[in-house]
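Remarks on the overall topology
The primary structure of each chain is shown beneath.
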2 protein chains.
Amino acid sequence: MPGRDIYQESEKFNVAVDCIVFGFDDDRLQLLLIKRMFEPCRDCWSLMGGFVGKNENLDNAASRILGRLTGLKDVYLEQLYTYGEPDRDPGGRVISVAYYALIRTDRLDSEAGDRYSARWFPIDNLPKLVFDHPGMVDKAIKRLRRKSLIQPVGFELLPEKFTLTRLQKLYEAIHQRDIDKRNFRKRILSMNVLTRLDEKDRISSRRGAWLYRFDDIKYDRMISGGDHFEIK
Amino acid sequence: MPGRDIYQESEKFNVAVDCIVFGFDDDRLQLLLIKRMFEPCRDCWSLMGGFVGKNENLDNAASRILGRLTGLKDVYLEQLYTYGEPDRDPGGRVISVAYYALIRTDRLDSEAGDRYSARWFPIDNLPKLVFDHPGMVDKAIKRLRRKSLIQPVGFELLPEKFTLTRLQKLYEAIHQRDIDKRNFRKRILSMNVLTRLDEKDRISSRRGAWLYRFDDIKYDRMISGGDHFEIK
DNA sequence: ATTTTTAGTGTAATAAGTACACCCTTTAGT
DNA sequence: ACTAAAGGGTGTACTTATTACACTAAAAAT
């Protein structure tokens, strides 16, 4: 029964999606921001956003909008929070569903980003952002911090093959604190969710460091065994 | 600039709020549900919901709708998740922002509830619910479980004065598992967020059990001391 | 005085977390 | 060919937290 609407008398709203896009580069957690090309606040830094389509669900809207910016699909995307202050957008009443995304910066299609004058900013050095976007970013960082301790989401920010040092640097960047190397390795390896490859990375050291990848099968096995992922 | 809207061409949506209302009674976690009085799905069990008003923010909408059902204000209310499948409501496209509430069943205005044929159901014995409400309930329970371990939200479900046994029963109801009495007391008392009153409860035992209340000041002191609330 | 019912407490064993320092491997420079 | 430099990789002792577990206390009802 498409088009049916018995709620016609009720107030209707623009509904948008905004994306907080995290990346990891230069040993720092980074955010992909765009320069607004239209009023209000043309030329201000902003999260990437867009309106939800008529027959589109929210996840799809977020992933479409993210795809427009990054050229990527099948990206880790999670709904964060919905913002609905009546005056949050000076252009009109817009209810915005915020999502955060974790992307591998090496896979980014930078041409797509160029169309929006997109740029990466380290999270501890963000520019001024429009509207209520600072609050969204803040909440996203907190969510990512909490989540990364109990779910293996961090791997979404690394290339498929990575060294343990790099993984540690990622956790240090997310949590903004130093982690003891031995304890970290002990912990992560004891969970048995990584597979060591027969391959070394020789870029960042003379000696070379073993490359690992996250192993879904091992992870699923761990979970069905009643254990859970946890980094302290 | 009220009424301004530069986004007129974009699609507009009905936006609703649905409330998952938790209570604690009979040593069980309960949910307050209403019987729908209108189509679609008249007479089905449902969460309490309603549309967001033109100049109303989402939190206020949730609290207004919750007030209509319970007669209460200043209730613990937290945004849960936003549901936007195009066909989630057969009456038309409605994007729904779900909130969950924790209320003290003893404070409930049951007359208000009567107008909606509201009834409490223990969470392990819920009736069939309309639309995507089962998923909302599920998510709310999981959120409450997680949250109750790391934030002192459980107290919102108890009367101001309570015994340690009752507090323990509450945690057992939320987590659906038995908890060791000695360990639980040791834990909760060691955090020093309760104040023991000079008063005993003699309803549930001959000997009488000390009454406690949650103490915001002690809690704030603990938090600013860098500690955090945690139940295992 | 005995029974019943819930309240309230301590300790020992185990597991988890933390702190900490040295050797390994390779390559670049002399 | 020796040495220095730069990350890579590992083990252990100590401390803290978690778990498991069983009895006594107080009051009221009979």
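Residues numbered from 1 in each chain as written. Chains lettered and ligands numbered in written order. Predicted model: local features only at pLDDT ≥ 70, side-chain atom pairs only at ≥ 80, totals over all residues.

Around DNA strand C lies a shell of 19 residues, among which R206(A), R207(A), R182(B), S205(B) and A209(B) are the nearest. In terms of residue count, helix α5 (residues 181-191) of chain B provides more of the surface near DNA strand C than any other element does, three residues in total. For the surface near DNA strand C, a count of residues per class yields three nonpolar, six polar and ten charged. (Near = placed C-beta within 6 Å. Helix = DSSP H or I, 4+ residues; strand = E, 2+ residues; numbered from the N terminus. Nonpolar A, V, L, I, M, F, W, Y, C, P; charged D, E, K, R; others polar.)

All names here are of chain B. The terminal C-alpha atoms of helix α1 (residues 58-70) lie 18 Å apart, and with 13 residues this matches the ideal 18 Å at 1.5 Å per residue to within 8%. Every buried residue belonging to α1 is among L58, A61, A62, S63, I65, L66, L69 and T70, and all of these are buried. Where α1 terminates, the next one or two residues include G71, which has phi positive at roughly 75°. (Expected span 1.5 Å × (residues − 1). Buried ≥ 20, exposed ≤ 12 C-beta atoms within 10 Å, placed from the backbone.)

All right, on to the domain arrangement of chain A then. Residues and elements named next belong to chain A. For chain A, the domain assignment lists domain 1 (14-150) and domain 2 (158-224). The centre of domain 1, based on its C-alpha atoms, is set 27 Å off from the matching centre of domain 2. Contact with domain 1, which involves nine residues of that partner, is made by seven residues of domain 2. Secondary-structure elements contributing two or more residues to the side of domain 1 that touches domain 2 are β2 (28-35) and α3 (133-150). (Domains from an automatic or database assignment. Contact = placed C-beta atoms within 7 Å.)

Close to DNA strand D lie 19 residues, the nearest being R182(A), S205(A), A209(A), R206(B) and R207(B). Counting only elements with at least two residues in the surface near DNA strand D, the list comes to α4 (164-175), α5 (181-190) and β9 (209-214) of chain A together with α5 of chain B. A per-element tally of the surface near DNA strand D places α5(A) first, with three residues. Of the residues that constitute the surface near DNA strand D, the class distribution is three nonpolar, six polar and ten charged.

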